[in-house]
Every structure is written in C-alpha cells, then in structure tokens.
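# A closer look at the structure
Next come the chains, spelled out residue by residue.
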Amino acid sequence: MRCILKCKFLIILLALVGVGLVWIFWCNNKEDGRKLETFSLSNGMNVVVMPDHRSPVVLHSVWYKAGSVDEPTGKTGIAHMLEHMMFKGTKKIKPGEISEIVARNGGQDNAFTSRDYTAYYQKVAKDKLPLMMELESDRIANLTLADKDFQPERDVVLEERRQRTDVKPINRFFEKLVHTHYPNHPYGNPIIGWREDIENYKLQDTLDWYGQHYAPNNATMILAGDITAKEAKPLVEKYYGSLEVKPTPERGNYTEALRGEPVVLKHIDKEVQVPVFYRLYRAPSAFQNIGGGVEHTEDAMALVMLAEIFGNSETGILYEALVKDQQIADAANADYDAVSLGEGSIDIFIQPKPDVKLSTIDTAVAKQIETFIANGVDADDFARAKTSLLADDVYAQDDIFHSVYRLGLWLMAGGDVKTYDDWKQELTDLTPADVITVAKRYFDVNRSTTGLLAGNEAQF
Ligand SMILES: [Zn+2]
C-alpha cells in the first residue's frame with residue numbers, strides 16, 4: 001500500500017516511541033562551499049535552492065504549512081486524508097497516474113504529513129524537472145476531488161490506522177498518552193486522526209481543506225541537487241507563476257496550559273507482553289515555550305545536548321545506568337525534538353527486563369536525574385556529544401532527501417533560511433553548565449506525564 005511509504009508520521013511516531021532520533025538543526029555548510037539560494041514569486045510562493053552538483057539528479061519538493069496542528073475540531077487527520085487525495089488526478093491526469101508518470105520517467109515520488117506540514121516530492125534526473133513542475137503545479141490548483149475516489153480512499157486510511165495503531169497495544173497506548181500530555185493542544189491528536197473522525201469525513205471536508213491551504217502563498221518549494229537558483233527561476237516562474245493567490249488562514253497560536261502537578265496514565269492491556277515506562281516532560285521547542293510565548297526557546301540547543309548525553313539509546317547515561325550497570329532494563333533512552341511550531345517535549349522511554357516492576361524503573365529514573373544534576377556533565381561526555389551532533393550533520397549532507405527534509409522541517413516550524421545554520425555557533429558556545437541548567441529546569445515532575453503500560457497488575 002503506497003501510504004505505508006507516504007506517511008512521515010510513522011517516523012515521527014517511532015522517534016517519539018524511543019528509537020532515539022535526536023534532531024539537530026541542519027544547515028548549509030559554508031566550509032565545503034554549499035549555500036542556500038532563495039527567491040520568491042509574485043504570488044507569494046517561496047523557493048529555496050540547495051545546489052549539489054555531485055550527480056545529475058534533482059529533488060523537487062513542495063511544502064505546505066498545513067499539518068495536523070491546523071485541523072479543526074472533529075476533523076483530525078484531514079491533512080493526511082488530503083495527502084492521499086492529492087494522488088487522485090486532475091483534469092489532465094487520471095487517478096494514480098502522477099506516480100506512474102514519475103516512475104516511467106525513472107523517478108521516485110512520495111508525500112508525507114506531519115504535525116506542522118504536508119509535503120510532496122519527486123526525485124528525478126535533471127532533464128525531467130520541467131515535467132515534474134508541470135505535474136505538481138497542476139495539482140495545486142486543479143485537483144479533482146470526487147466522491148467515487150474519496151469513499152474507497154477513506155477506507156484505505158481507516159485500514160492504515162488499524163494496521164499502525166489499532167492492532168498494536170504500545171501504539172494504542174502511546175496515542176492516549178500523548179493526548180493526556182496535550183489534552184487541549186492539537187499536538188495531542190494523532191496525525192492520522194481519531195478513528196471516529198475518519199469514519200465521519202465527508203468529501204466536502206477534503207474540498208474545504210484543499211481550498212483553504214493549497215495555494216502558492218502557503219507553499220514553499222525546496223529544490224536540491226544539480227541546479228542553481230539562476231537555472232530554476234525561469235522554470236518555477238513558467239509552471240508556478242500563474243497560480244493565483246488565495247486567502248489562507250493564519251496559523252493559530254496553539255497552547256496548552258500548565259497543570260502544576262504530575263499526571264499519570266496507567267493502563268493494563270492483556271495483549272502486552274513486555275511492559276513499558278514513559279515519562280514525557282514538557283519543554284520549549286526552538287519556536288515556542290511551554291504554555292506559549294518565546295521565552296526560553298533559546299534553551300533548545302542545550303536540550304538537544306541533554307537528550308544526547310542523558311538519553312542516547314546506546315551511549316547515554318540512562319542506558320549506561322539502567323541497561324548496563326543495574327541490568328534492570330533492556331532499552332532506555334530520551335528523545336527531544338527541537339524543531340516544531342508548538343512547544344517541545346523530552347520523552348523518556350524504558351523497557352524493563354522481565355520481572356522488573358515499573359515502580360522500580362520509576363525510582364531508578366528519578367535517581368539518575370538527581371545524580372546527573374548533582375554530579376554535573378562529564379567533560380568527555382560533553383565533548384563526545386558535541387562531536388556526535390556535528391558528525392550527524394556531516395553524514396546527513398550525503399543524502400539529498402535528508403538534507404531537504406531537515407530544511408523543510410525548519411521552515412515549516414517557522415524558521416528562516418538566514419538562521420538555519422545558527423545552531424552550530426550555539427553548540428560551540430554551549431557549556432556543560434548550560435546542560436545542567438536545562439536539566440534542572442525541565443526535568444520537573446510537576447510538568448510531566450507518566451505512562452505505565454502493563455499486561456497485568458503485578459507488573460506495576
Ligand atoms: Zn497514509
């Protein structure tokens with residue numbers, strides 16, 4: 001099923017579940033001569049070009065500031081539903097044909113929906129770029145949304161939800177946990193949508209979403225590969241320049257109030273073989289503070305380092321203590337995602353060894369945080385974490401999709417091209433004491449949500 005490949009939210013979910021994706025800000029590397037070039041069209045479409053002439057390939061992507069965060073009440077998942085419908089054709093193109101044309105021309109295409117955006121891309125040989133622009137610009141304005149295509153596709157989405165979430169105890173639980181963490185914020189809703197919302201979608205809902213959000217003035221193109229802005233501009237103008245400006249809604253300022261006490265979600269699910277412990281601590285992102293505003297968003301870089309030093313799934317302090325030294329867990333990590341429109345979260349995930357109670361894990365986690373704050377950051381750990389974050393950045397440059405993806409996240413969360421590489425200086429300026437400051441500030445149980453999932457009462 002194509003949507004298995006198409007939905008980035010699976011990756012986001014896996015990251016949150018604890019695979020250990022520590023996001024770092026990606027940037028253009030001035031040392032090796034890379035730079036980002038930008039221009040915009042008179043209809044408001046922004047274009048960023050990331051030249052990389054190592055192979056004659058171009059990645060053409062269009063990003064919309066339209067993600068699950070923007071969805072109205074009762075219509076959760078509609079951004080993702082529309083992503084599916086974007087492959088249903090236009091006056092010129094039959095349903096499903098767009099991907100066939102891309103494949104016939106030796107290219108790959110894909111799309112993904114997340115909290116802050118929906119994006120579409122094709123990776124092709126350079127000479128196929130005009131054709132890709134013709135296809136993509138056509139579906140911004142001329143998408144055919146018909147009930148005969150909509151009804152079966154909604155069933156596809158329901159099946160996708162069933163396979164990813166409904167039949168998986170840990171994913172079912174995590175969905176509830178995130179909602180408990182953000183009961184009043186759209187980040188508390190699953191990107192794929194709540195089942196009852198999906199079941200109640202009408203064709204008109206997709207028409208409304210498309211009409212409100214799919215416009216050149218709400219779109220950012222990122223072109224990467226064997227191309228320069230000078231070459232790209234006449235092409236972009238030719239294919240996208242005549243698209244009309246549409247009124248698009250201002251993005252809301254979504255916030256979740258502070259509760260001032262710990263929240264615990266405890267659940268027994270008989271299908272669970274191995275219990276899990278989650279602790280989600282509210283924290284600012286690079287763009288929004290806890291509960292709103294921009295105060296403390298400058299803590300984001302120190303939080304990235306905290307997650308790396310304390311929570312790396314193979315070298316972090318939690319892993320060393322709980323998995324290697326105490327041998328009470330099989331997995332232990334902490335994730336933090338700095339790049340989001342709304343506030344962030346430090347998510348601790350522990351999988352206990354058989355016969356180790358979740359209460360033992362809870363005590364061990366609290367003890368590790370206390371010890372970490374009391375002892376400070378080891379100089380070697382700090383240096384290693386810095387090196388690791390910088391190395392990740394270098395490796396990411398080898399992959400054209402990864403480069404575009406990181407930049408896209410940054411731009412969709414509210415960042416701009418000018419500040420894209422500021423993180424390197426921030427990282428250079430960071431001290432071990434900064435990491436302890438944010439650990440003290442954000443490992444606050446009164447701003448946390450704990451999730452305890454077990455197969456039976458004895459496992460608590
Ligand atoms: Zn999908």
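Predicted model only: the values in this text are computed from it and were never measured. (Residues numbered from 1 in each chain as written. Predicted model: local features only at pLDDT ≥ 70, side-chain atom pairs only at ≥ 80, totals over all residues.)

### Considering the overall build of the protein chain
Keep this limit in mind: Helical segments are the DSSP runs of H or I of at least four residues, strand segments are the runs of E of at least two, and each set is numbered from the N terminus. Restricting the calculation to C-alpha atoms gives the radius of gyration, and the globule rule supplies 2.2 Å times the number of residues raised to the power 0.38. With C-beta atoms placed from the backbone, the exposure class of a residue follows from how many other C-beta atoms lie within 10 Å of its own: 20 or more, buried; 12 or fewer, exposed; in between, partly exposed. Contact criterion: two residues are in contact if their C-beta atoms, reconstructed from the backbone, are within 7 Å.
On a plain count of helices and strands, the protein chain comes out with 17 helices and 11 strands. Compactness check: the protein chain gives a C-alpha radius of gyration of 23 Å against a globular reference of 23 Å for 460 residues, within 12% of the reference. Dimensions of the protein chain along its principal axes, counting C-alpha atoms only, are 60 × 50 × 40 Å. Counting only residues that meet the buried cut, the protein chain has 48% of its 460 residues in that class. Look at the contacts in the protein chain between residues 6 or more apart in sequence, and 80% of them connect residues 24 or more apart.

### Some details on the domain arrangement of the protein chain
Accessible area lost upon the coming together of the parts serves often as the stated size of an interface. Worth spelling out the cut-off: Start and end positions for the domains come from either an automated domain assignment or a database one. Residue classes follow a fixed rule: Ala, Val, Leu, Ile, Met, Phe, Trp, Tyr, Cys and Pro count as nonpolar, while Asp, Glu, Lys and Arg count as charged, and any other residue, Gly among them, counts as polar.
Taken domain by domain, the protein chain consists of domain 1 (36-240) and domain 2 (263-459). Using C-alpha coordinates to define each centre, domain 1 is positioned 29 Å away from domain 2. Listing elements by their share of the side of domain 1 that touches domain 2, those giving two or more residues are β2 (46-51), β3 (57-64), α7 (169-181) and β6 (219-225). Residue contributions to the side of domain 1 that touches domain 2 peak at seven residues, all from α7. Of the residues that constitute the side of domain 1 that touches domain 2, the class distribution is 16 nonpolar, seven polar and five charged.

### Quick notes on helix α14 (residues 379-396)
Defined as follows: Expected helix span is computed as 1.5 Å times (number of residues minus one). Think of the arc as the fan of directions from the helix axis to the C-beta atoms.
With 18 residues, α14 should cover 26 Å at 1.5 Å per step; its first-to-last C-alpha distance of 26 Å lies within 8% of that length. For α14, the full list of buried residues reads D381, A385 and L389. For α14, the angular spread of buried residues about the axis comes to 75 degrees, placing them on one side. Exposed residues pointing more than 90 degrees away from the buried face of α14 are listed as A379, D380, A383, T387, A391, V394 and Y395. In this structure, the buried side of α14 is in contact with α11 (300-311) and α16 (422-429).

### Things to note about the sheet that holds strand β1 (residues 37-40)
Strand pairing within a sheet occurs via backbone hydrogen bonds; the two strands may be parallel or antiparallel. Inclusion rule: The pairing criterion for strands is at least two bridges between them, as found by DSSP. Lines fitted to C-alpha atoms define the axes, with helix axes restricted to the stretch in contact, and inter-axis angles between N-to-C directions lie between 0 and 180 degrees.
Spatially, β1-β2-β6-β3-β5-β4 is the arrangement adopted by the six strands of the open sheet, whose pairing is mixed. Each of the sheet's edge strands pairs with one partner strand only, and the pair in question is β1 and β4 (108-113). For this sheet, the mean inter-axis angle between neighbouring strands, taken without regard to orientation, is 15 degrees. Pairing analysis gives four bridges linking β1 to β2, with the strands arranged antiparallel.

### With respect to the packing of helix α5 (residues 129-141) against helix α10 (residues 229-240)
To keep things clear, this is the line we draw: Between 65 and 115 degrees an angle is taken as roughly perpendicular, under 35 as roughly parallel, over 145 as roughly antiparallel, and anywhere else as oblique. The sense of a crossing depends on the near helix, which, turned anticlockwise from the far helix by less than a right angle, makes the crossing left-handed and, turned clockwise, makes it right-handed.
For the pair α5 and α10, interaxial distance at closest approach is 9 Å and the crossing angle is 30 degrees. The angle between α5 and α10 places the two elements in the roughly parallel class. For the crossing formed where α5 meets α10, the hand is right-handed. The segment α5 lies against α10, with L129, P130, M133, E134 and S137 engaging L235, V236, Y239 and Y240. Here the residues of the contact of α5 with α10 sort into seven nonpolar, one polar and one charged.

### Brief notes about the nonpolar core
What counts here: Here, a nonpolar core means buried Ala, Val, Leu, Ile, Met, Phe, Trp, Tyr and Cys residues linked by C-beta atoms lying within 7 Å of one another.
Ranked by internal contacts, the top residues of the largest apolar core, which has 125 residues, are L303 and L306. Of all the elements, α11 adds the most residues to this core, at 10 residues. Split by domain, this core shows at least three residues from each of two domains, domain 1 (36-240) and domain 2 (263-459). Setting aside anything within four residues of it in sequence, one finds L303 in contact with A283, Y336, A338, I346, V438 and Y442.

### Re the sheet that holds strand β11 (residues 448-454)
Read across the sheet, five strands follow the order β7-β11-β8-β10-β9 without closing on themselves; strand pairing throughout is mixed. The sheet is open, and its two borders are formed by β7 (263-268) and β9 (329-336), each paired with just one other strand. For this sheet the average axis-to-axis angle between neighbouring strands, irrespective of direction, equals 10 degrees. Docked against the sheet, α7 engages β7, β8 (276-283), β10 (344-352) and β11, running at close to 160 degrees with respect to β11. Together, β8, β9 and β10 form the strand contacts of α11, whose direction differs from that of β9 by roughly 170 degrees.

### Considering unusual backbone geometry
Unusually for a residue other than glycine, H296 sits at a positive phi of about 70 degrees. When you line up the elements, H296 lands in the loop between β8 and α11. The backbone of Q327 shows a phi angle near 50 degrees, a positive value even though the residue is not glycine. Among the structural elements, Q327 can be located in the loop between α12 (317-325) and β9.

### Some words on the pairing of β6
In terms of burial, β6 is a largely internal element, seven of the seven residues being buried. Neither face of β6 is left uncovered, since the one carrying A219, M221, L223 and G225 and the one carrying T220, I222 and A224 both have all their residues buried. Pairing analysis gives six bridges linking β2 to β6, with the strands arranged parallel. Looking at β6, one finds that V47 is bridged to M221. Taken together, the seven bridges between β3 and β6 define a ladder with antiparallel strand orientation. Pairing of V62 across the sheet is with M221, part of β6.

### Concerning the environment of G291
Within the secondary structure layout, G291 lies in the loop between β8 and α11. Overall, the presence of 15 C-beta atoms within 10 Å leaves G291 in the partly exposed class. Once residues within four sequence positions are removed from consideration, G291 is found in contact with T255, E256, A257 and L258.

### Some remarks on the environment of S340
Along the polypeptide, S340 turns up in the loop between β9 and β10. You can call S340 buried: it has 26 C-beta atoms within 10 Å. Note: C-alpha distance between S340 and S285 (55 residues apart in sequence) is 6.1 Å. Here S340 is in contact with R115, D116, S285, F287 and A413, once residues within four sequence places are set aside.

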